[in-house]
Amino acid sequence: MKIANSNSERSSGINTNRKTRSAPVRMLIRLIKEKPLGTAGAVITLALLLIGLFANQLAPYPPNAPHVVDALAAPSAKYILGTDNLGRDLLSRIIFGARISVVVGLVGALISVSLSTILGTLCGYFGGKFDLLVQRFVDAWMCFPGMVIILVVMSILGQGMWQVILVLGIQTGISGSRVVRSAVIGIKGNVYLQAAVAIGGSTPQILAKHVLPNILAPIIIMFSMAVPNMIMSESGLSFLGYGIPPPTPSWGGMLSGSARAFMFMAPWMAIWPGVALAFVVYGVNMFGDALRDILDPRLRGGVGRYGVKVKKAVSIKSNPGTPQ
Amino acid sequence: MWQYITRRLLLAIPTIILATLIVFITIRLIPGSILTLMEQQYSYIQNINMDVIKHNLGLDVPVYVQYFRWVGNIILHGDFGKSMWTTTSVISEISAAWPVTLELGILAIIISQLIALPIGIFSALRQDTWGDYLARSFAILFIAIPGFWIATLVMVFPSIWWGWTPSIVYIPFVKDPIGSLGMFILPAVVLGLNGSGSTMRMTRTMMLEVMRQDYIRTAWAKGLRERVVVTRHTLKNALIPVVTIIGMQLPSVIGGAVIIETIFGLPGMGRLIVTSTTQRDYTMVSGVMLFFAVGLVLINIIVDLTYGILDPRVHYK
């Protein structure tokens, strides 16, 4: 990953012509130049993705292989982070736990943001009775503390990764629809939408070509904030015994249940899953923060198309007084 | 203002009715009902008549009839029903549990503010210094560290190093206020740390925004001391959105309390909802969820009312 970063840095030194680069590359360069912590977050996020993807190759042992003779073994050369009460290698379990976190984080956030976008766009754009009706349901849903309603639904659906993803996605998706709805209402009065209607654009066309691109920034920000939330909520649920059932190696689950009785003898069992969790949530949050600063709707202007505005946006951004 | 409060309360009624309806129906419609659990539980009894049990629990009529019975009993008799397992009344269970969650929640929020406000203010006043960077990194770290992990470490490591384990035996506040606070302080710190991160960042952002206003320049120009400018002029205006954040955190504080109560074995609302959902105790779940819904709506109204106290420009119509 370090190689990849230094490559893009080097290329930014050589190639100074902004217009020839695509928007994501330009964003990446801005990220590295202006947000060192955000870059660190991006590296952590990328590392999480890669570890999750190549868990099979990276883990020294299968995650559920019991080495009964070496149960509760302290960290050593053979078991770098030690073993748990069943003699399972902690490092391997944490590496496979990364895979769970990646899937829960990404798929959960995707469900959440899609639901928010669909509900919010429809409500915001059409308004009227449909909006009124849906919003009352959203109100009713938001009457309950998130964790509590998730617990109730999870106890009904039963444990399992897909149940967790679905429940978390729907729960945060419903409350997130408010954000999208107000973003849509915010752009609804704009002349370009009236123009699109006037030239006879069909509703789906207007929604896809004119509404969605203009609310993309808050949606991307919501996605980046949803990922760490999902990872955190999943581990909390698994910790309570409502999330992903054992022996699947989930970071939250590794800290719960029968393992707790053995932590007094083997403190490493209590440390590593939490370190992994905190590290990843920290990294993804940092990355999301930097992304938000870069995508901030006030600064977004015409990034990607109008060269003049890009320069303007950059000059506003470099103003030292801008609060973060 | 009273008119405003009345209108808000009236508007909340249909929302709460809809909310209870959703909970009431979903928990009953989904398989694995209380009857199956009871059949397993009482399988040692010969010739058990499930129809009688079903009738006694009031589950032999359609769901909508059950709902109207439940609502009718609440409105007409103030009766929230009985637990389907233990037959203790829902009211008595809730009134035993909610002071625990209330004390934990209030303490957690106070601790969270005690951590967040000074650091947030400091971070804004010394913007872009090392202290600021350090404070902001801590803020995100507090958000990233899961409460249940800290709680686990707090239980495990003192016991390994010094053979000391925090003893969490619930002491009611009314019986022994000091003992009660002492017992709650550890769970509350764990719970408060999580919320403090976002409040800290909000405080910093708002302080920075207010510090650039004209009236702050005027205050400096008048020759006021820094302390006065910060406390009387900046802080008072910067805190308004911070109050919103605190209000918005309450649901997550309650959600976090569920986990913290389970770890420390506190007999609060969180544990009540966890046990009653696992047992499919329909009346208890409905009662507790109704309590949560009403509580959150009231809290939201109170948060909105505090704007009027903090910001004289806000008027309620």
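Residues numbered from 1 in each chain as written. Chains lettered and ligands numbered in written order. Predicted model: local features only at pLDDT ≥ 70, side-chain atom pairs only at ≥ 80, totals over all residues.

So, about the overall build of chain B. Helix and strand content of chain B: twelve helices and zero strands. Across the 317 residues that make up chain B, the buried fraction comes to 35%. When contacts within chain B are restricted to residue pairs at least 6 apart in sequence, those whose partners lie at least 24 apart make up 74%. (Helix = DSSP H or I, 4+ residues; strand = E, 2+ residues; numbered from the N terminus. Buried ≥ 20, exposed ≤ 12 C-beta atoms within 10 Å, placed from the backbone. Contact = placed C-beta atoms within 7 Å.)

Each helix and strand in chain A was counted, giving 16 helices and zero strands. Here chain A, with 324 residues, has 43% of them falling under the buried criterion. Taking as baseline every contact in chain A between residues at least 6 positions apart, the subset at least 24 positions apart corresponds to 68%.

Our next topic: the interface of chain B and chain A. Tallying the contact residues gives 43 residues for chain B and 33 residues for chain A. Where the side of chain B that touches chain A is concerned, the elements lending two or more residues are α1 (2–29), α6 (130–144), α7 (147–162), α8 (177–211), α10 (226–264), α11 (269–278) and α12 (282–310) of chain B. Per-element accounting of the side of chain B that touches chain A gives the leading share, eight residues, to α7(B).

Below, the discussion takes up α11(B). Of all ten residues that make up α11(B), seven are buried, and the element is covered over most of its length. Those residues of α11(B) that sit buried are B:Met269, B:Gly270, B:Leu272, B:Ile273, B:Val274, B:Ser276 and B:Thr277. Where the residues of α11(B) are buried, they touch α7 (146–157) of chain A together with α5 (90–125), α10 and α12 of chain B. Backbone geometry just after α11(B) places B:Arg280 at a positive phi near 55 degrees.

The first and last C-alpha atoms of helix α14 (residues 268–295) of chain A sit 40 Å apart over 28 residues, in line with the 40 Å expected at 1.5 Å per residue. A large share of α14(A) lies buried, amounting to 21 of its 28 residues. (Expected span 1.5 Å × (residues − 1).)

Further remarks concern the environment of B:Thr203. Residues and elements named next belong to chain B. Structurally, threonine 203 is set in helix α8. Placed 82 residues apart in sequence, threonine 203 and isoleucine 121 show a C-alpha to C-alpha distance of 6.5 Å. Beyond its immediate sequence surroundings of up to four residues, threonine 203 is in contact with Ala116, Leu117, Gly120, Ile121, Ala238 and Val242.

Once that is clear, we can look at the environment of A:Leu151. Residue placement: A:Leu151 occurs in helix α7. Taking the C-alpha atoms as reference, A:Leu151 lies 14 Å from A:Met161; in sequence the two are ten residues apart. Excluding anything up to four places from it in sequence, A:Leu151 contacts A:Tyr242, B:Val258, B:Ile273, B:Val274 and B:Thr277.

For the rest of this paragraph, the subject is the nonpolar core. Note on soluble globular proteins: their nonpolar side chains tend to be buried together. Core analysis: the biggest nonpolar cluster contains 148 residues, and A:Val148, A:Ile150, A:Leu151, B:Leu104, B:Ile260, B:Val288 and B:Ala293 have the highest contact counts within it. It is α14(A) that contributes the most residues to this core, 15 residues altogether. Excluding its chain neighbours within four sequence positions, the residues that come into contact with B:Ile260 are B:Leu104, B:Gly147, B:Ala151, B:Pro187, B:Val190 and B:Leu191. (Core = buried A, V, L, I, M, F, W, Y, C linked by C-beta atoms within 7 Å.)

Before going further, it helps to examine the packing of α5(B) against α11(B). Residue and element names in this part refer to chain B. For the pair α5 and α11, interaxial distance at closest approach is 7 Å and the crossing angle is 130 degrees. Considering their axes alone, α5 and α11 lie oblique with respect to each other. Along its contact with α5, which presents Glu93, Ala97, Trp98 and Thr101, the element α11 presents Met269, Gly270 and Leu272. (Axes fitted to C-alpha atoms, helices over the stretch in contact; angles between N-to-C directions. Parallel < 35°, antiparallel > 145°, perpendicular 65-115°, else oblique.)

Looking now at the confidence of the model for chain A. All names here are of chain A. Of the residues in chain A, 85% have a pLDDT of 70 or more, and the chain-wide mean is 79. Averaged over each element, pLDDT in chain A is lowest for helix α16 (residues 307–317) (36) and highest for helix α5 (residues 90–126) (92). Confidence drops under a pLDDT of 50 for residues 297–324, and excluding neighbours within four residues, the segment shows 23 contacts in the predicted structure. (pLDDT = per-residue confidence, 0-100.)

Okay, unusual backbone geometry next. Here the bond from A:Pro246 into A:Pro247 is cis, since omega is 10 degrees, no more than 30 degrees from zero. Among the secondary structure elements, A:Pro247 is positioned in the loop between α11 (216–240) and α12 (251–254).

All names here are of chain A. Closest axis-to-axis distance for the α11/α14 pair is 9 Å, and the angle between their directions is 170 degrees. The angle between α11 and α14 falls in the class roughly antiparallel. Contacts between α11 and α14 involve Ala217, Ile220, Ile221, Ser224, Met225, Val227, Pro228, Ile231, Met232 and Ser235 from the first element and Leu277, Val280, Val281, Val284, Asn285, Phe287, Gly288, Leu291, Arg292 and Leu295 from the second. Each residue belonging to the contact of α11 with α14 can be placed in one class, and the counts come to 15 nonpolar, four polar and one charged. (Nonpolar A, V, L, I, M, F, W, Y, C, P; charged D, E, K, R; others polar.)

With that settled, the discussion passes to the environment of B:Leu250. All names here are of chain B. Here leucine 250 is to be found in helix α10. Judged by the 19 C-beta atoms lying within 10 Å of it, leucine 250 falls in the partly exposed class. In the structure, leucine 250 is positioned 141 residues away from isoleucine 109 in sequence and 8.4 Å away in space, judged by C-alpha atoms.

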